[in-house]
Amino acid sequence: MNINQNTNNEKMPPFVKDNNGAAFYWKIRNITHSRMHIIVEMLSEYDLHYTHPRVLGMIHRMNSPTQKELAEAMNTSPAAMSATLKRMQKAGLVEKVSLEEDSRKNKICLTEKGAKIHEDTFDKTLEIDRAMLEGFSEEETAELFAYLNRIQNNIDNIKNK
């Protein structure tokens with residue numbers, strides 16, 4: 001089946017015609033973009049950037065990681081993480097604290113404001129994410145994740161060539 005034959009009249013650009021991989025990416029991108037708009041609206045009362053709740057959550061879960069550990073865990077470059085953390089520091093969400101054993105390294109800690117915002121936004125974000133799979137059975141969800149894992153493995157194999 002060619003996934004370009006949509007039942008909901010979704011417009012696909014001509015360049016994805018007869019390329020299920022490109023059509024799949026187009027769909028995933030649209031889903032991600034739509035979710036982003038919902039999250040951005042939810043975050044507007046906190047004056048946060050779209051990526052900030054994810055970073056706050058990761059810092060919380062990793063118990064104040066170093067910047068390098070955080071970048072690796074979030075699958076992003078150290079430079080991109082540095083820019084994000086600078087914005088978050090300026091907003092008063094995080095602070096860098098020198099490690100006692102090596103003052104050249106810093107651990108990233110949530111400020112009181114950052115911890116409060118994490119607490120306020122975490123459940124709201126999870127609820128949005130739960131709603132994305134509404135109507136899917138446990139078996140369908142497991143099957144979907146198995147397919148997505150296979151796609152991730154394929155992409156990882158391309159990266160590692």
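Up top is the structure these notes are about.
Residues numbered from 1 in each chain as written. Predicted model: local features only at pLDDT ≥ 70, side-chain atom pairs only at ≥ 80, totals over all residues. Heavy atoms only, no water.

### Here's the deal with the nonpolar core
Counting 21 residues, the largest nonpolar core has I59, L70, L85 and V94 as the members making the most contacts within it. Mapped by element, the contributors of at least two residues to this core are helix 1 (20–43), helix 2 (52–62), helix 3 (67–73), helix 4 (78–90), strand 2 (106–110) and helix 5 (112–132). Here L70 is in contact with V55, M58, I59, M62, P65, M81 and L85, once residues within four sequence places are set aside. (Core = buried A, V, L, I, M, F, W, Y, C linked by side-chain atoms within 4.5 Å. Buried < 20%, exposed > 50% of the residue type's maximum accessible area, 1.4 Å probe, protein only. Helix = DSSP H or I, 4+ residues; strand = E, 2+ residues; numbered from the N terminus. Contact = heavy atoms within 4.5 Å.)

### A short note on unusual backbone geometry
In this model, N63 sits at a positive phi of 55°, which is unusual for a non-glycine residue. With respect to the helices, strands and loops of the structure, N63 is situated in the loop between helix 2 and helix 3. A positive phi angle, near 65°, is found at S64, a position not held by glycine.

### Let's talk about helix 4
The first and last C-alpha atoms of helix 4 sit 18 Å apart over 13 residues, in line with the 18 Å expected at 1.5 Å per residue. Of all the positions in helix 4, only M81, S82, T84, L85 and M88 are classed as buried. All buried residues of helix 4 lie within an arc of 170° about the axis, which places them on one face of the element. Seen from the open side of helix 4, the exposed residues pointing more than 90 degrees away from its buried face are A79, K86 and K90. Next to the buried residues of helix 4 lie helix 2, helix 3, strand 1 (94–98) and strand 2. (Expected span 1.5 Å × (residues − 1). Arc of directions from axis to C-beta.)

### Regarding the layout of surface pockets
The calculated volume of the largest pocket comes to roughly 1700 Å³. Lining of the largest pocket is provided by 34 residues; of these, I28, I31, T32, R35 and M132 occupy positions nearest its centre. Looking at the lining of the largest pocket, the elements with two or more residues in it are helix 1, helix 2, helix 5 and helix 6 (138–159). Take the lining of the largest pocket: its biggest share by element is ten residues, from helix 1. Broken down by class, the residue content of the lining of the largest pocket amounts to 19 nonpolar, ten polar and five charged. (1 Å grid on protein atoms, 1.4 Å probe; cavity = no way out; pocket = protein on both sides within 12 Å on 5 of 7 lines; lining within 4 Å. Points joined across faces, edges and corners; volume = space filled by probe spheres on them. Nonpolar A, V, L, I, M, F, W, Y, C, P; charged D, E, K, R; others polar.)

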